Amino acid sequence: MSSLTRADARTRAAQVRVEAYEVALDLTRGEQDFGSVTTIRFRCTEPGSSTFVDVAAAALRAARLNGAELDIAVAYDAAAHRLRVDGLAADNELLVDAVMTYSHDGEGLHRHVDPADGRTYVYAMSFLDAAPRWFACFDQPDLKAPMSFDVRCPADWVVAGNGPAREVGAGRWAIASTAPLATYFTTLVAGPYHVVTDSHEGIALSLRVRQSMAGPLDQDAESLFAHTKHCLTEFQALFGVPYPWGEYHQAFVPEFNAGAMENPGCVTFRDTLVFRSRVTDFERISRDVTIAHEMAHMWFGDLVTMRWWDDLWLNESFAEYLGYRVTGESSWVSFGAARKSWGYAADRRPSTHPVAGNGAADAKSALSEFDGISYAKGASVLRQLAVHLGDDVFLGGLRRYITRHANGNAELADLIGAWAGAGATDIEAWTSAWLTTTGLDTLSARDGHVARHSPEGAPRVHAIEVAVLAPDGAEAASARVTVAGEQVSTGLRTPGVVLPDARDESWVKIGLSGSTWRAMPRLLPGVSDPRTRVAVWNALQLAAADTEVDPMLAVDIVAAALPAEADDSVITTVGRWATRAVCGLYLDDERRRAAQARIAGALLGVAEVVPPGSARQLAAVRVVIGVTSDAGRLRDWLAARDLPPGLVVDAELRWAILERLARLGELDDAAIGVEATADHSSAGAVHAARCRAARPDRRAKRAAWNALMHDEARPNYELYALAEGFWDPDQRSLTEPYVGRYFEQVPDTAELRSGWIVERLALIAFPWAVVTDAVWDATVQLLADERLDPRVRRSVTDAGDDLRRALAVRRRYP
């Protein structure tokens, strides 16, 4: 499939004005394909000229332009998924009658059969360029138009979409015409979904999930609706514009690649956000933030849409920032613990890019820059900008922007102009310094000053809090500081460890001395402010990756300070980092096992003494399971013996234990089959796949690898699970033959599959656990191949950078 170029998009946008889409879908044809008949009414500014429509058909049955049949054999390029239309009139009607294929990769019209009960569900995911996989369209963000749908489906199905849906007959639904939509956020959700309804200030609300997950949704429906209503109230006040899309449906759908998608009026979420087992406070906060994030898009992204993909960051950065802002101040701790570490990693890799102004020559290259910089760094920059401008100007400019460009498209320059109109005086210089440069500034303290080192010399301004920590970690003093030059006085004279950005407010690396890091096992447990602790934990991760901290000292800090951590988001994220990066990448076999034992012992102690059944206990137990080698303890826990007080081994925790036992060679294939039969669900199938790939068994590894590289029908989440289970530092003798196969075979997966799964699978399946110069050499050699698909290239580049850093750490601290 050809990726739309910016040049082609500009030409088509100048030539075409889309007035309406009418789409008729027949979902009763069978298991493989469906009928899609699209009528597009559009005007042409250059009568007599030609253009093209995007359509990815399994079979194109007919196409008629203004009543005249098109010669499909001549007009349709099946490889490029483009239908050429010639001799346009000033006003045009194009009918495209196609048979299209259901997908299994979470894009286009995805079809899922629930293993729990055999019921079938479909949903549409049109982002980024997947809309032509289920209806013919001018697929670019600046050709917005009203859309209506007529849907034929089984009689027991219910249907939702961007506009209000009503049943007009047995197995027949009509989705009313909408305000102008971009094709990339057009959706359909159809099947025998369980539906819960409510309303808020005249806005019809619903929650939808598969019937097999009805119980968990019903349990959480009250809190989900409460947060939805809170967000609607907050955003309508914040934007100064009423909710613009009529109804608001939230559908939790299976095998969804993204966390969620901001389809106007009908947001789709990954159905793992309907919790079937106990979860931590971190997971509940993350779900609340996701709900708020997607709702923010109803105004910023949907009502006002970017003109081209290089402003995609603008949608996501704003939704990220506003999602945390509306969810509540305490949610910023989770942002610092989870989202910033993701963004920091992206901003330090060879694939880093500015937040804005990346060009995006085509849609495919835009997707490769859809990362932690677009979300976490962008949100951090906006957080700083809100402080810099003040809320009156910041929100005033945002309201001007939304009002002026409603139902249309805009660019960053339009937003900057709106802020300037609201009273911002130096907005262009400020945004240029933050948005058009890459990398992190380093802030370090010495001699009563904070020094700023900028990798590109960009004059970034940091509005931060500086704190002084006493020898026991207590905060002895603090001061607000604006770092606008290379050095600024803190005004603090209190002795102690000086910590810049102590409230984790900016986008920086905090530079600390070796002596400070050596004191951290004593200091960090005594720090009371959770934001300060997050700032230190992030600084530790960056310092360890830069060979500034011995990984065994990092283990000392984790073992001493993580048990004192009050926030389960930090226990979760730091525990994951210690398990994967420190133990898995930075340490050799002997030291890794010793480190794992120390971390497991420290967190097991936490699980025994924290309040029974608490989120802290659950987070600590998950870390223990991930690093322990004590198979006997794990088997006791499966049998509900010797559990920490109040701990319940429910479905998800049981699978975590089983996965660790499989990795340790303590679970055979037959036992996995028994567990998968007992948990006859989509989640159970994914967990079973991960268990099978994790087993230290040659046949298991061969089966997993063949599926990863050759099985195009396997559901996306099962493939991800196979890749997650495959590699392990303790299984190198088994997996060594697959290192070379990865570099030989992963390029071909770009032809086997399409969309998000290509990039994600190439990243997860990278041989990360084999930290050798030979793997690095193979990485460099593959990246030298100019034919390498950009999605695979991005993943290999990022995974290779982690490998390069791991090799440097091992050389520095042998």
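All figures in this text were calculated on a predicted structure; none of them were measured in a lab.

(A) Quick look at the sheet that holds strand β4 (residues 59–65). Ordered in space as β5-β4-β8-β2-β1-β11-β14-β13, the 8 strands form an open sheet in which the pairing is mixed. One side of each edge strand has no neighbouring strand; the edge strands of this open sheet are β5 (68–69) and β13 (165–169). Pairing geometry for strand β1 (residues 16–26) and strand β11 (residues 147–152), over 6 bridges, is parallel. Paired with Val23 across the two strands is Phe149, which belongs to β11. Strand contacts of helix α1 (residues 6–15): β1 and β2 (33–44), with the helix running at about 100° to β1, the strand carrying the most contacts.

(B) Broad picture of the pattern of salt bridges. All told, the structure shown has 60 salt bridges when counted by the stated rule. The closest approach of N and O atoms between Asp669 and Arg692, which form a salt bridge, is 2.9 Å. Of this pair, Asp669 sits in helix α20 (residues 669–678) while Arg692 is found in helix α21 (residues 682–694), placing the two residues 23 residues apart along the sequence. Given a relative accessible area of 37%, Asp669 falls into the partly exposed group. Taking the shortest distance from any N to any O, the salt bridge between Asp801 and Arg804 comes out at 2.8 Å. Residue Asp801 and its partner Arg804 are both found in helix α28 (residues 790–812); the two are separated by 3 residues, about one turn of the helix. For Asp801, a relative accessible area of 4% translates into the label buried.

(C) Inspection of the side chain of Ser380 at higher detail. Examined against the element boundaries, Ser380 turns out to sit in helix α8 (residues 372–389). Classification of Ser380 as buried rests on a relative accessible area of 2%. Every residue in contact with Ser380, bar those within four places of it in the chain, is listed here: Phe335, Lys340 and Trp507.

(D) Region of the structure containing unusual backbone geometry. The omega torsion of the bond from Phe127 to Leu128 falls at -20°, within 30 degrees of zero and hence cis. Of note, Leu128 is situated in the loop between β10 (120–125) and β11. Of note, the phi angle at Glu255 is positive, near 60°, even though the residue is not glycine. Note on placement: Glu255 falls in the loop between β18 (248–253) and β19 (260–261). Positioned with a positive phi, Asn407 is a non-glycine residue whose angle comes to about 65°. Along the chain, Asn407 turns up in the loop between α9 (391–405) and β22 (408–410).

(E) Structural detail: the layout of surface pockets. The volume enclosed by the second largest pocket comes to roughly 880 Å³. Taken together, 33 residues line the second largest pocket, and the ones lying closest to its centre are His81, Asp105, Arg133, Arg753 and Ser754. Elements with a minimum of two residues in the lining of the second largest pocket: α7 (363–368), α25 (749–752) and α26 (756–764). Split by residue class, the lining of the second largest pocket holds 15 nonpolar, 8 polar and 10 charged.

(F) Highlighting the pairing of strand β26 (residues 475–483). Here 8 bridges tie strand β25 (residues 462–469) to β26, and the two strands are oriented antiparallel to one another. Opposite Val466, over in β26, you have Ala479 as the bridge partner. In this antiparallel pair of consecutive strands, β25 and β26, the connection spans 5 residues, and Gly473 shows a positive phi of 90°.

(G) Region of the structure containing the nonpolar core. Judged by nonpolar contacts, the single largest core of 159 residues is most densely connected at Leu27 and Phe127. Discounting residues that sit within four places of it in the chain, Phe127 has contacts with Glu107, Tyr184, Met261, Trp309, Leu312, Leu367, Phe370 and Trp756. Counting 133 residues, the second-largest nonpolar core is a separate cluster that includes Ala467, Leu562, Val775 and Leu788.

(H) Quick look at the packing of aromatic side chains. Enumeration according to the criterion identifies 41 aromatic pairs in this entry. Ring centres of Tyr321 and Trp332 lie 6.1 Å apart, and the angle between their planes is 40°; on these two criteria the pair is classed as tilted. In this pair, Tyr321 is assigned in helix α5 (residues 312–327) and Trp332 in helix α6 (residues 331–347), connecting sequence segments 11 residues apart. Consider the rings of Phe726 and Tyr738, whose centres lie 5.1 Å apart with planes at 85°: the pair is edge-to-face. Linking Phe726 in helix α23 (residues 716–726) with Tyr738 in helix α24 (residues 732–745), this pair joins segments that are 12 residues apart in sequence. For Phe726, a relative accessible area of 0% corresponds to the buried category. On the accessibility criterion, Tyr738 (6% relative accessible area) is buried.

Parameters and conventions
Residues numbered from 1 in each chain as written. Predicted model: local features only at pLDDT ≥ 70, side-chain atom pairs only at ≥ 80, totals over all residues. Heavy atoms only, no water. Pairing = 2+ DSSP bridges. Helix = DSSP H or I, 4+ residues; strand = E, 2+ residues; numbered from the N terminus. Contact = heavy atoms within 4.5 Å. Axes fitted to C-alpha atoms, helices over the stretch in contact; angles between N-to-C directions. Salt bridge = Lys/Arg side-chain N within 4 Å of Asp/Glu carboxyl O. Buried < 20%, exposed > 50% of the residue type's maximum accessible area, 1.4 Å probe, protein only. 1 Å grid on protein atoms, 1.4 Å probe; cavity = no way out; pocket = protein on both sides within 12 Å on 5 of 7 lines; lining within 4 Å. Points joined across faces, edges and corners; volume = space filled by probe spheres on them. Nonpolar A, V, L, I, M, F, W, Y, C, P; charged D, E, K, R; others polar. Core = buried A, V, L, I, M, F, W, Y, C linked by side-chain atoms within 4.5 Å. Phe/Tyr/Trp six-rings, centres within 6.5 Å; stacked < 30°, edge-to-face > 60°.

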